[in-house]
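Listed below are the residues making up each chain.
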Amino acid sequence: MISGLLSLLGAAVLVVLDQLIKHWATAALLPVGSMEVLPGIVELRYCLNDGMAFSMLAGKQGLLIGVTSVMLVAVLVMLFVRKMPLAERIAWTLVLGGGVGNLIDRVLNGVVVDYINVLFMHFAIFNFADICVCVGVGLLMLVLLLDSTKKDELAQQKAEDDGTA
């Protein structure tokens, strides 16, 4: 229960940060369009996205809101019900915070405010909430991979011990 509440608090902090940054980006970037942060590498560019990653499902706000809501409720329930290692809990907390941050935009505005534009490669413009979700999923994959490797090593050790006994 305590770990679930801490996860919820962590996600809430991420949501507040996301919304504050988006508010700043709207106020600062909307009038000028963009500003360079690292010339030729990264700029901040005001952009509204009515889809998901790379504008997929653009204009399908009802579907995106519905699917996102169901998934976030499942993550929230899991954070309260399931025991998990700290790294996995942090990963799911990042996914929850980022998901809620973008969901708020979709529900209130019908679009998500994006503002980070990587200039040295062709990539979608994204935001802090997107970073939270991607880092969370990446961390989750790493945790699952390490857990799987650990289980394989334990099974191999058990098989070797059984063979020599």
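Scoring rules and cut-offs
Residues numbered from 1 in each chain as written. Predicted model: local features only at pLDDT ≥ 70, side-chain atom pairs only at ≥ 80, totals over all residues. Heavy atoms only, no water. Helix = DSSP H or I, 4+ residues; strand = E, 2+ residues; numbered from the N terminus. Buried < 20%, exposed > 50% of the residue type's maximum accessible area, 1.4 Å probe, protein only. Contact = heavy atoms within 4.5 Å. Pairing = 2+ DSSP bridges. pLDDT = per-residue confidence, 0-100. Axes fitted to C-alpha atoms, helices over the stretch in contact; angles between N-to-C directions.

1. Focus: the environment of Val100
Right, on to step 1. Relative to the assigned elements, Val100 resides in helix H3 (residues 86–109).
Right, on to step 2. The exposure class assigned to Val100 is partly exposed, which follows from its relative accessible area of 25%.
Right, on to step 3. It is 8.3 Å that separates the C-alpha atoms of Val100 and Ala11, two residues lying 89 residues apart in sequence.
Right, on to step 4. Setting aside chain neighbours within four positions, we find Val100 in contact with Val15 and Leu72.

2. What about the pairing of strand S3 (residues 112–118)?
Right, on to step 1. Summarising burial for S3: seven of the seven residues are buried, a large majority.
Right, on to step 2. Direction of pairing for strand S2 (residues 42–49) relative to S3: antiparallel, over a ladder of six bridges. Note that in S3 the partner of Val42 across the bridge is Val118.

3. Some points on the confidence of the model for the chain
Residues shown with low pLDDT carry predicted positions that ought not to be read at fine detail.
Right, on to step 1. On average, residues of the chain score 92 in pLDDT, and 99% of them reach the 70 mark or higher.
Right, on to step 2. Per-element mean pLDDT across the chain ranges from 87 in helix H4 (residues 128–164) up to 97 in H3.

4. Remarks on the sheet that holds strand S1 (residues 34–38)
Right, on to step 1. Read across the sheet, three strands follow the order S1-S2-S3 without closing on themselves; strand pairing throughout is antiparallel. Both edges of this open sheet fall to S1 and S3, since each of them pairs with a single strand only. Sheet twist, expressed as the mean angle between neighbouring strand axes with direction ignored, is 35 degrees.
Right, on to step 2. Contacting S1, S2 and S3, helix H1 (residues 2–29) runs over the sheet at an angle of about 75 degrees to S3.

5. Quick look at the environment of Val75
Right, on to step 1. Of note, Val75 is situated in helix H2 (residues 61–81).
Right, on to step 2. Setting aside anything within four residues of it in sequence, one finds Val75 in contact with Trp92 and Leu96.

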